[in-house]
Each structure stands twice: as C-alpha cells, then as structure tokens.
Amino acid sequence: MRIGVLGAGNMADALATQWARKGHEVRIGARSPEKAVALAGRVGHGAQGGTLRDAAQFGEAVLLAVAHEGVEDALSQAGPLAGRVLLDCTNPMEPPFERLKTGGGPSAARRIADLTGARVVKAFNTCPDTVWRMAPPEFGGRPLGVPLCGDDPDALAVARRLVADIGCVPMDGGGLARAGLLEATTAFLVGLWVAGEDPLTMLPPADAAMARAPRRTSEAVH
C-alpha cells in the first residue's frame, strides 16, 4: 500500500518505520522537506521524503501526525484530500489534562473531516511513539488493542489492515461521532499515567463488566 505521512516527528517516525518494514511504500512530508528527507533516510526500506503535498498526493492512505496546533496549516499545505483515507492520530490535549483544546465542540477528528472532506478514521492516538516502536506492541503475551472510530467501511478496512501490520488488534470504536470520546479518554489516561497511576487496575475483565446481576425472585403474598 502507498502511505503518505504528514509530519516528521516521533509519531511519524514510529509508524512509518513499522509500515515500511512490512513492505508498504512510504512517503513522508513535512513543512521542512529537509526534515522529511532525513526521516525517510532513517526509516529506510525505500521510504522517501518531501513536501506535505508530495506525501498527501502519494498515499492511498494518509497519516496525519502533527501537533494539534499545526493541523490546519499542515492540511492547507497538503492540498486536496476529499474522499481520501485519512488516519488521524492527533490529540487535542495539554497538561494538566483537565480538558481538551476542542472545548465542548466537535472532536478534532470531526473538524478534520469537515475541513478536508476526507474519509477520516481516528486511530493510533491512545499511546506514545515509544509503544508504536515496539515490534510487536505486546504486553503480558497480549497484543495491544487499537480503537478505531470512523464512518466509511472501506477506510476502516484500510485502518484495520495497518493496525494488524504492526502486530496490534483493531477494535471497533464506532462511528466518527465517538471520536471525541476517544480523544477525551486518551487525555484522561495520560493524566493517570503522569500521576503514576495504572489505568489497567480500574478495568475489570469484559465478562465481569458485562455480566448481569441475578434477578431477585419474590413470592406473591395473597
């Protein structure tokens, strides 16, 4: 698959490297093409670097991997993305993780979809680059689950393939309307991690969480 990567930071580095190793054709774009070329050289496996427009127009799938503050500028330089598969791994959060930069409005993913007309899938936003660099991201013998939120079945199929290609398990997170919940969940988790807490301790196994309490029976009194 041809994958365009918008951004030359840590997330772009981690995911582009994983996909290039799996045989995907990767082209990285950045505001500074020199940085994209340098990153492509580190990624190897035939990866190429250039402008944001180069990467956006190259990819059958496009990963948006820039800071939240730089999203609009990056998209304006990327050129037309209407109808394209766009994976959004951005997070509109900042310390102390008490609220999102999107406020009470639409999610970052929804705004990106409205701005570009792309088939947006929220993905890869729940973990830092250090996790995505693992080959595979696996903990206690269990592969990492990656929640996906999107409305387009074909775009979701592409996202699921790219999740599986790095050794993770795609999870159905629902439509793009639920992307805001995923963004807020990530901010909450990061706040717990920063505070030294382990979020896993608050999550029971699925069978326990979904189990129904036994119904009480009562005898009728006549």
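Residues numbered from 1 in each chain as written. Predicted model: local features only at pLDDT ≥ 70, side-chain atom pairs only at ≥ 80, totals over all residues. Heavy atoms only, no water.

(A) Quick peek at the overall build of the protein chain. Scanning the protein chain for helices and strands turns up nine helices and 10 strands. In the protein chain, which comprises 222 residues, the share counted as buried stands at 46%. Residue pairs in contact within the protein chain that sit at least 24 positions apart in sequence constitute 68% of those at least 6 positions apart. Each charge sign in the protein chain was given a centre, from 23 positive and 24 negative side chains, and these centres are 2 Å apart. (Helix = DSSP H or I, 4+ residues; strand = E, 2+ residues; numbered from the N terminus. Buried < 20%, exposed > 50% of the residue type's maximum accessible area, 1.4 Å probe, protein only. Contact = heavy atoms within 4.5 Å. Lys, Arg positive; Asp, Glu negative; His and termini not counted. Charge placed at Lys NZ, Arg CZ, Asp CG, Glu CD.)

(B) Just the nonpolar core, in detail. Residues W19, I28, L87, F124 and W132 are the most contacted members of the largest nonpolar core, which totals 41 residues. Tallying contributions element by element places helix α1 (residues 10-21) first for this core, with seven residues. Once residues lying within four places of it in the same chain are set aside, the contact partners of L87 are W19, V62, L63, L64, V121, F124, A159 and L162. Counting 22 residues, the second-largest nonpolar core is a separate cluster that includes V66, A118, L176 and L182. (Core = buried A, V, L, I, M, F, W, Y, C linked by side-chain atoms within 4.5 Å.)

(C) Geometry of the sheet that holds strand β1 (residues 2-6). Strand order across the open sheet formed by eight strands is β3-β2-β1-β4-β5-β6-β9-β10, with mixed pairing between neighbours. Among the strands making up the open sheet, the edge pair consists of β3 (48-50) and β10 (169-172). On average, adjacent strands in this sheet sit at an angle of 25° to one another, irrespective of strand direction. Where strand β6 (residues 119-122) meets strand β9 (residues 145-150), two bridges bridge the pair, whose relative direction is antiparallel. When the sheet's bridge partners are listed, V121 is paired in β9 with G150. (Pairing = 2+ DSSP bridges. Axes fitted to C-alpha atoms, helices over the stretch in contact; angles between N-to-C directions.)

(D) The side chain of T116, seen in detail. Among the structural elements, T116 can be located in helix α5 (residues 108-116). Here A118 takes part through its backbone nitrogen, which lies 3.0 Å from a polar atom of the side chain of T116. Setting aside its immediate chain neighbours within four residues, T116 contacts L75, L81, A82 and L86. (Polar contact = N/O pair within 3.5 Å; in protein donor to acceptor, adjacent residues only side chain to side chain.)

(E) Geometry of α1. For α1, with 12 residues, the first-to-last C-alpha span of 17 Å sits near the 16 Å given by 1.5 Å per residue. A large share of α1 lies buried, amounting to 10 of its 12 residues. Of all the residues in α1, the buried ones are M11, A12, D13, A14, L15, A16, T17, Q18, W19 and A20. Just beyond α1, the residue with positive phi is G23, at close to 95°. (Expected span 1.5 Å × (residues − 1).)

(F) Geometry of a nonpolar patch on the surface. Residues F188, L200, M202 and L203 make up a contiguous nonpolar surface patch of about 440 Å² in total accessible area. Relative to the elements of secondary structure, L203 occurs in the loop between α8 (179-194) and α9 (206-210). (Patch = residues over 30% accessible without salt bridge, like charges linked within 9 Å, V, L, I, M, F, W, Y side chains within 5 Å. Areas by Shrake-Rupley, 256 points an atom, 1.4 Å probe, with all protein chains shown as cover. Salt bridge = Lys/Arg side-chain N within 4 Å of Asp/Glu carboxyl O.)

Honestly, it's all geometry; don't read function into it.
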